[in-house]
Amino acid sequence: MSIRNLHHLFAPRSVVLVGASDRPHSVGATVLANLMAGRSAAELDGKLMLVNPRHRTLMGLPVFPDVASLPEAPEMAVIATPPATVPGLIEALVAKGTRAAIVLTAGMDADHGDGRSHRQAMLLAARSAVFRILGPNCVGALVPAAGLNASFAHTNALPGKIAFVSQSGALVTAVLDWARARGIGFSHFVSLGDATDIDFGDMLDYLATDPNTAAILLYIEDVGNARKFMSAARGAGRNKPVLVLKAGRAPEGARAAASHTGALAGLDAVFDSAVRRAGMLRVLTTDGLFDAVETLARAQPLHGEELIILTNGGGPGVMATDALMLSGGRLAELAPETRAALDRVLPPNWSHGNPIDIIGDASVERYQRALGILLAHQPDNPILLIHSPTAIVPCADIARALAPLIRQSHRHVIACWLGAAAVAEAKQIFSDAGIPHFGTPEEAVQAFMQVVEYRRNQQLLMQVPAAGTQHDPIDRPAARAIIDRALAEGRAMLTEPEAKALLDACHIPVVDTRIAKTPGEAREMAVQIGFPVAVKVLSPDISHKTEVGGVMLDLATPADVEAAVAEIGQRLQRLRPGARLHGFSVQAMARWPDAQELIIGVTTDPVFGPVILFGQGGIAVEVLQDHAVALPPLNRVLARDMIRRTRVAGLLAGYRNRKPADVEALCRVLIQVAHLAAELPEVAELDINPLLADHHGVIALDARVKIRPAKLRHPHDRLAIRPYPQELEERVDWMRETLLLRPIRPEDTEEHLRFFHALDPIDVRMRMFVQIRELQVSQLARMTQIDYDREMAFIAVRQRDDGSDETLGVVRGVADPDNDEAEFAIIIRSDLKGLGLGHILMSKLIAYFRQRGTQRIVGEALSENRAMMELTRGLGFRVRSNVGEGTVELTLDLRTT
């Protein structure tokens, strides 16, 4: 739903427990004990109220027979009563004025007696007042800093800066116990249970702006609203680390799919792609979850990914190297000056390479000198320090000497102290210094690689594509005609020629293909195309033609074509006698001897909607299992990342006498396929296999498309990430020229920087409230890579003589997750102020948010910004001065204007 009223849930001034009890080991008694948490009844007077018709007092507190009897409205309720009572209790709490509840009760899907389940009746009772519900069927919530333990967990949480949100109640209690034993504290510890109202999207939105939360940990079993989850995740991922532990990694049973893409893009791979797209980090174990938190929270930022290993033992160094290589990591090369410096301070028999083995008898001084050289001469490389205990020097002495050196360096250094009692003091010294350390080389490397993956995901979130990389418009009439004709005939599959015609309408290169009904027609078409040609069977009952011998290649003469058609028909009759034969496709043989066979496809995930797949193609595609998946829309940066994540990327880069493939052409196809998936909702599955790629470009040899009717208000409704809303583009007349008003795009980054440089410093201060001389890459990314589902930025552009867009002004508005209020900001190029452009852009933004149903547009300006006050007053804004703050508040109520 939103974050509305969640503050009542997690920071309540008063709580009522409905179902309080003194029965040992009951939920009501356990929750009561946790809510009291060692405090006396006098301390809780007025803050904790109890409801149970069978009791008058409990634990020294008065007990009321029902909600209506409460002396005042509690901010939050905890309900531990039978399922049938819950809807009535919610109704009573709403009437009392309460705004949130934790429903611990399970079994809410039983019949409520009026044709609805208890769950549906509960939601109906809550809806009118935006009453928020955590659960049902949950363990509860803990907010240690607020002294709140509204749960039936067996132990309390320590205070800290980590928020943990889980769907699994069993995992909640296990992690709580595990974390307490390790001294790990939490800002929030929340069990979602069935997540009937409050879900992961709500929690991410709430915690993203919570000042007491530095990192967010999620245990996810499933995602409900993918669009909401992705918007919240991308927003939170820009603010603080978000780590995900998800169940269901094992491949599910084989499912029926009409395409290789449908078989390859499993649910877990799709979830992985969503995590990556949001800049989050996925971990695979509970230990890994907290290891990653420790490393991200304590270690300095990475400046490079190539690791240096410094060790006093060859064996541990080799173990760390094995773990690194198997995880896809890279060892750093030692610079010549680094080797020379190490030669001067290390024994002659040191390893002379990386890992750097400084020998088992290493003294404190040797450690200091070696580490100092690495910090000085390899400034971009992270360092893993491994120490095995020896009788030569106490481990604690080494830790005391190295900890200050590491802290002062501001470099990414992690440690592995091998052993137990002998290294206990050394571990404590590093803990006190805030340096991440681990018990084995493998654990240390795993933690390091998690940071690498997180860094890559964050870079992907922040990287911007070059200008001019957006997709080419689809020929909609041609594409729609193909799909509509097939649906009208009751077909779920396009023929191969139809599929290729669809690709052609989407500006994807395809080989010349024609349809023949008879051997004679096939012969004539082959002559028209030019030899050699290929002939393939056309049958709605055959998905993979090679399985029935339905493909004949390199046919060099008309006679060869006629013979091939006859032979394919005979094979089909013998192998699949019931299959319908609709003819044969005749296509030119593509002579690309050095090309790589690739696959690009689309499938539809039940949660995240359309998914794009790229990988190594050919008939063995499902055996090779070399592919990457991503959510649309795509741009050049995202397309290149997809390619990078496959093994075939190495072949595409060129090897021996083979030239590198045209990766730009490949990226264009990926972008166009993502656009196809976004704009043609009837396309359920698509395979382009093989797609040939070499240094000349790319070409599709075969394609398979599965379609189905789509009943959507807008094609984009099924997408997890809303693509560029082209329908919002508008041309307007201004100063005797035509301008284009359109939403900002990631590709506008370079032009946006030029626009910023054209602004007068005074105008920048009026907009930003402070002087800013230069925009950082991350700031530019946030300004141009917006979430169109929650925010909007309209730019006014005109074309230069070279055809490029010139930005003249920008207005932006960011709506809260409830779509209740949108905050706006506007700036016009300094040499164009006072010419009416601000009024045009503000009118565009106001119309947009009014159409969205937003209730208010608000803003803030410096008191000296007279032009802004004049502009907004003219548009109906109320202007109110903030006395003593030097600012004014600007408010437009869209409900009354």
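I will try to describe carefully the structure that is included in this document. (Residues numbered from 1 in each chain as written. Predicted model: local features only at pLDDT ≥ 70, side-chain atom pairs only at ≥ 80, totals over all residues. Heavy atoms only, no water.)

Topic: the overall build of the protein
- Within the protein one finds 29 helices and 38 strands.
- Taken over the C-alpha trace, the protein has a radius of gyration of 32 Å; the compact-globule value for 897 residues is 29 Å, and the two agree within 12%.
- In terms of principal-axis extent, the alpha carbons of the protein reach across some 100 × 80 × 70 Å.
- Pairs at least 24 apart in sequence give 70% of the contacts found in the protein among residues at least 6 apart.
- Of the side chains in the protein, 94 bear a positive and 103 a negative charge, and the two mean positions are spaced by 2 Å. (Helix = DSSP H or I, 4+ residues; strand = E, 2+ residues; numbered from the N terminus. Rg over C-alpha atoms; globule rule 2.2 N^0.38 Å. Contact = heavy atoms within 4.5 Å. Lys, Arg positive; Asp, Glu negative; His and termini not counted. Charge placed at Lys NZ, Arg CZ, Asp CG, Glu CD.)

Description of the pattern of salt bridges
- One pass over the full model with this rule turns up 58 salt bridges.
- With its nearest N and O atoms 3.2 Å apart, the salt bridge here joins Glu 305 to Arg 455. Of the two residues, Glu 305 sits in the loop between helix 10 (286-298) and strand 15 (306-311) while Arg 455 sits in helix 16 (residues 441-462), which places them 150 residues apart along the sequence.
- Using a relative accessible area of 13% as the deciding quantity, one classes Glu 305 as buried.
- Linking Arg 798 and Glu 806 is a salt bridge whose minimum nitrogen-to-oxygen distance equals 3.0 Å.
- Residue classification places Arg 798 among the partly exposed residues on the basis of a relative accessible area of 22%.
- Take Glu 806: its relative accessible area is 14%, and that puts it in the buried class.
- Connected through salt bridges with shared partners, the residues Arg 132, Asp 197, Asp 199, Asp 202 and Lys 228 form a single ionic network. (Salt bridge = Lys/Arg side-chain N within 4 Å of Asp/Glu carboxyl O. Buried < 20%, exposed > 50% of the residue type's maximum accessible area, 1.4 Å probe, protein only.)

Let's talk about the environment of Ala 630
- Among the structural elements, Ala 630 can be located in strand 27 (residues 627-630).
- Between the C-alpha atom of Ala 630 and that of Phe 271, which follows or precedes it by 359 residues, the distance is 9.4 Å.
- Contacts of Ala 630, omitting those with residues within four sequence positions, involve Ser 273, Val 611, Ile 612, Met 642 and Arg 645.

A look at helix 27 (residues 777-784)
- By the burial criterion, the buried members of helix 27 are Leu 780, Ala 781, Met 783 and Thr 784. End-on view of helix 27: buried residues confined to an arc of 165 degrees, all on one side of the axis.
- Turning to helix 27, the residues buried within the fold contact helix 16, helix 25 (749-757), helix 26 (761-768) and strand 34 (805-815). (Arc of directions from axis to C-beta.)

A word on helix 25
- For helix 25, the complete set of buried residues consists of Thr 749, Glu 751, His 752, Phe 755 and Phe 756. Take helix 25 and look down its axis: the buried residues cluster within an arc of 160 degrees, on one side only.
- Structurally, helix 25 contributes buried residues whose contacts are with helix 26, helix 27, strand 34 and strand 35 (821-828).

Overview of the pairing of strand 6 (residues 100-103)
- Residues Ala 100 and Ile 102 line one face of strand 6 and the alternating positions Ala 101 and Val 103 line the opposite face, and both faces are buried.
- The sheet contact formed by strand 5 (residues 76-79) and strand 6 spans four bridges and is parallel. Following the sheet pairing, Met 76 is matched in strand 6 by Ala 100.
- Read as a crossover between parallel neighbours, the route from strand 5 over helix 3 (residues 86-96) to strand 6 is right-handed.
- Pairing between strand 6 and strand 7 (residues 132-134): three bridges, direction parallel. If you follow Ala 100 over to strand 7, its bridge partner there is Arg 132.
- As for the winding sense of the linkage, the β-α-β connection from strand 6 through helix 4 (residues 118-127) to strand 7 is right-handed. (Pairing = 2+ DSSP bridges. Right-handed = clockwise from strand over helix to strand, strands pointing away.)

Some words on the packing of helix 5 (residues 169-181) against helix 10
- At their nearest, the axes of helix 5 and helix 10 sit 12 Å apart, and the two run at 50 degrees to each other. In terms of orientation, helix 5 lies oblique with respect to helix 10. The two elements helix 5 and helix 10 cross, and the hand of that crossing is right-handed. The residues of helix 10 that touch helix 5, namely those facing Leu 171, Val 175 and Trp 178, are Thr 286, Asp 287 and Phe 290.
- Across the contact of helix 5 with helix 10, the residue classes break down as four nonpolar, one polar and one charged. (Axes fitted to C-alpha atoms, helices over the stretch in contact; angles between N-to-C directions. Parallel < 35°, antiparallel > 145°, perpendicular 65-115°, else oblique. Left-handed = near helix turned anticlockwise from the far one by under 90°. Nonpolar A, V, L, I, M, F, W, Y, C, P; charged D, E, K, R; others polar.)

Keep in mind these values describe shape, not function.
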